[in-house]
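# Understanding the architecture of this molecule
If you want the building blocks of each chain, they are given just below.
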Amino acid sequence: MLGGDLRNYLELAERRELLRRVTTPVDRLLEPGCLVKWVFQGLPLEQRFGLRFDQVAGADFPLVTGALGATVQSYALALGVEPAQINDHWERALLAPRTPVTVAQAPCQEVVRRGVDVDLGHLPIPMWTPGRDAAPYITTCVVNRDPRSGVQNMGVYRTLVRDARSVVVNLAPGRQGRACAEADWAAGRPAPIAWVIGAEPSVYLASVANLPAGVDEVTIAGGLKGEAIDLVRCVSNELLVPARAEIIIEGEVLPGDTAPEGPFGESAGYMSDVELRPVARITAITHRRDAIYYGLASQIPPSESTILQSLGNAALIRYQLRHIHGETTVRDCWIDLMFGGGAAHLVVSLRPTRPGHARELGRLLARTTPCKRITLVDEDIDVRDRTDLDWVMSSHVDPQRDVEVIGGFPAAMDHAVSPDAQGKKLGSKLVIDATRSLDTTPVSLPPRALMEQALSTWRAAGWPEISDRARLDRRLSSKR
Ligand SMILES: Cc1cc2nc3c(=O)[nH]c(=O)nc-3n(C[C@H](O)[C@H](O)[C@H](O)COP(=O)(O)O)c2cc1C
């Protein structure tokens, strides 16, 4: 992991052209939300970049978005590894979480604003879907804590800016952040809350992964960073927040106080409905003197949000299969970069050890992950290679025998599912066993020695070097 803070990462990303600057003035209600859509919808994955707006009209700080999840390369850079090492790096972090350290002095509290000095209007909070969203939204890590256990939770919950000192936070029923707040409300008190803007990259990456309840994301962020995250106590409540962040917004969520939230351009690609969600009152804003505002870009996929969620959740699922479920022959996991969290396509490679093994694993994953499509492949198939996947779908799969549709899963966010008579949305999942471990027919390629020998003719002809040998090498090494 890069030592240091978000700003160190941003400098490095800019040097590698993974972040580009807009130096002319922009209106935060117009250009940033549109330009980031052009990047994610208009450029192929490997050419995308994050955006930094130096001059946001009316705001005190620059705005950065899309930089952590522009490409797989950006995500790997944020972890300080090569793209191929992302799952291994996550596995090491999950096996060795680091307890945070509490400090007394913090860069994020160089400037403290309370009372009438609190004004969200000073922050360059963008309108993410100009012309359609109800308001500007804060899209960053939200901290609260379970008052019964004292364990803090961190997740990204979009937050509608209502006015200078109040917001509506999308703590939806069933989410861990909501459960924490409900425990305080049940005891008749407001629930403390804080929005962490511009923390170390590892804090963002841990926050968006679907870590189990009771795991404090900051300990995993420390594992990902390779050193404990420094935390500092908020100035107006007892929550502990990353000390090296750029900006902290502190507040409290009052029991029973709700307001309409939405419409908002959601990650499934459609505008959300308007729902009643908790109102939070902002009690303080603290920041570095020269703070940088960071907003995660989401909305229509693919987006920064889908890339962060795909990569983190795939790594987490591989860890869980290998270390919690004892599936030691699982080799790799990949989630398509379109959906990331719910409704995504998960591909798992393994060496099946018994008849029906892959299908059992598929059913387990249907139950325990939000993914809608689960494909199991042999260990010699590259889960990231669309050509490999298309090959096995056509050559290994008999749909009647190998495809299973399982129903009865909660699907509140799924636009493809219609509510039942009680208004409940239950959807189905697809498990595809594309392994062929019992088939011993050789692949239809000449043996490696003959293939290599023929290359001398290729070279003598002066043809371009073969740029992508990986797939052919895998096939030539195939035991079948
Ligand atoms: C930009 C962005 C916005 C998100 N907004 C929400 C949201 O409003 N509500 C939600 O439940 N999850 C949202 N997510 C997904 C959650 O942050 C993610 O699933 C996280 O693991 C939830 O934490 P929890 O499991 O502790 O509840 C968002 C993710 C990103 C990257």
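Residues numbered from 1 in each chain as written. Predicted model: local features only at pLDDT ≥ 70, side-chain atom pairs only at ≥ 80, totals over all residues. Heavy atoms only, no water.

### Considering the overall build of the chain
Worth spelling out the cut-off: The way it works is that DSSP assigns letters per residue, a run of H or I at least four long becomes a helix, a run of E at least two long becomes a strand, and they are numbered from the N terminus. Our radius of gyration is a C-alpha quantity, and the globule rule it is checked against amounts to 2.2 Å times the number of residues to the power 0.38. Note on classification: 1.4 Å probe, protein chains only; a residue is buried when its accessible area is under 20% of the maximum for its type, exposed when over 50%, partly exposed between these limits. Here, residues are in contact when the closest pair of their heavy atoms is within 4.5 Å. Only the protein chains shown count as cover for residues, and the accessible areas themselves come from Shrake-Rupley with a 1.4 Å probe. Within this scheme the basic residues Lys and Arg register as positive and the acidic residues Asp and Glu register as negative, but His and the chain ends are omitted. Charge positions are represented by NZ for Lys, CZ for Arg, CG for Asp and CD for Glu.
Scanning the chain from terminus to terminus reveals 13 helices and 21 strands. Relative to a compact globule of 480 residues, whose C-alpha radius of gyration would be 23 Å, the chain shows 24 Å and is just as compact. In terms of its C-alpha atoms, the chain occupies a principal-axis envelope of roughly 80 × 55 × 45 Å. A total of 480 residues make up the chain; the buried ones form 53% of that total. A sequence separation of at least 24 residues applies to 71% of the contacts in the chain between residues at least 6 apart. Of the roughly 20900 Å² of accessible surface on the chain, a fraction of 52% belongs to carbon and sulfur atoms. The averaged location of the 58 negative side-chain charges in the chain is 2 Å from the averaged location of its 54 positive side-chain charges.

### Quick notes on the packing of helix α4 (residues 86-95) against helix α8 (residues 304-324)
This is how it is decided: Orientation is described by lines fitted to C-alpha atoms, with helices fitted over the stretch in contact, and by angles between N-to-C directions that extend from 0 to 180 degrees. Here the angle decides the label: under 35 degrees means roughly parallel, over 145 means roughly antiparallel, 65 to 115 means roughly perpendicular, and every other value means oblique. Definitions for this section: a left-handed crossing has its near helix turned counterclockwise from the far helix by less than a right angle. A right-handed crossing has that turn clockwise. All amino acids are sorted into three groups, where Ala, Val, Leu, Ile, Met, Phe, Trp, Tyr, Cys and Pro are nonpolar, Asp, Glu, Lys and Arg are charged, and the leftover types, Gly among them, are polar.
As a packed pair, α4 and α8 sit with axes 9 Å apart at the nearest point and diverge in direction by 60°. Between α4 and α8, the crossing angle belongs to the class labelled oblique. At the point where α4 passes α8, the crossing takes the right-handed sense. Of α8, the residues touching α4 (which contributes Ile86, Asn87, Asp88, Trp90, Glu91, Leu94 and Leu95) are Leu311, Gly312, Ala314, Ala315, Leu316, Arg318, Tyr319, Arg322 and His323. Across the contact of α4 with α8, the residue classes break down as nine nonpolar, three polar and four charged.

### A closer look at the domain arrangement of the chain
Note the cut-off: An automatic or database domain assignment provides the domain bounds reported here. Using a 1.4 Å probe, buried area is obtained as the accessible area two parts lose upon being combined, added over both of them. Any carboxyl oxygen of Asp or Glu that lies within 4 Å of a side-chain nitrogen of Lys or Arg is treated as forming a salt bridge with it. For this analysis, a polar contact is any N or O atom pair within 3.5 Å, provided that within protein one partner can donate a hydrogen and the other can accept it, and provided that sequence-adjacent residues contribute only side-chain to side-chain pairs.
Assigned domains of the chain: these are domain 1 (6-295), domain 2 (325-433) and domain 3 (448-477). Just the C-alpha atoms count here: the centres of domain 1 and domain 2 sit 30 Å apart. Facing the eight residues of domain 1 at the interface are eight residues of domain 2. When domain 1 packs against domain 2, close to 650 Å² is buried across both sides, 58% of that on carbon and sulfur atoms. Here domain 1 is connected to domain 2 by zero salt bridges. Inspection of the domain 1/domain 2 interface yields two residue pairs in polar contact (both at pLDDT 80 or more).

### Notes on the nonpolar core
Threshold: Here, the term nonpolar core denotes a set of buried Ala, Val, Leu, Ile, Met, Phe, Trp, Tyr and Cys residues that are joined through side-chain atoms within 4.5 Å.
Ranked by internal contacts, the top residues of the largest apolar core, which has 115 residues, are Tyr9, Ile86, Trp90, Leu120, Trp195, Ile249 and Tyr294. Looking at which domains feed residues into this core, each of domain 1 (6-295) and domain 2 (325-433) gives three or more. Grouped together as the second largest cluster of nonpolar side chains are 20 residues, Val330, Cys333, Leu350 and Leu365 included.

### Brief notes about the environment of Leu43
Note on placement: Leu43 falls in the loop between α2 (31-42) and β2 (50-53). Non-local contacts of Leu43, meaning those with residues more than four positions away in its chain, are made with Trp38, Arg48 and Phe49.

### Some thoughts on the site of the ligand
For the record, the criterion: What makes a residue near a molecule or strand is one non-hydrogen atom of that residue sitting within 4 Å of it.
Surveying the vicinity of the ligand reveals 17 residues, the closest of which are Val156, Tyr157, Arg158, Asn170 and Arg175. Between the ligand and the protein, one listed contact pairs an oxygen atom with a side-chain N or O atom of Asn170 at 2.8 Å. Between Gln176 and the ligand, the recorded distance is 3.2 Å, taken from a side-chain N or O atom to an oxygen atom. Relative to its unbound accessible area of 630 Å², the ligand is 91% covered by the protein chains.

### Focus on the sheet that holds strand β13 (residues 240-242)
Stated formally: Two strands qualify as a pair provided that DSSP identifies no fewer than 2 bridges between them.
Strand order in this open sheet of three strands is β4-β12-β13, and the pairing throughout is mixed. Looking at strand neighbours, the two that pair on one side only are β4 (101-102) and β13, the edges of this open sheet.

### Topic: the side chain of Ser207
Within the secondary structure, Ser207 sits in helix α6 (residues 201-208). A relative accessible area of 4% places Ser207 in the buried class. With sequence-adjacent residues up to four places away left out, Ser207 is seen in contact with Cys141, Met154, Gly155, Val156 and Glu217.

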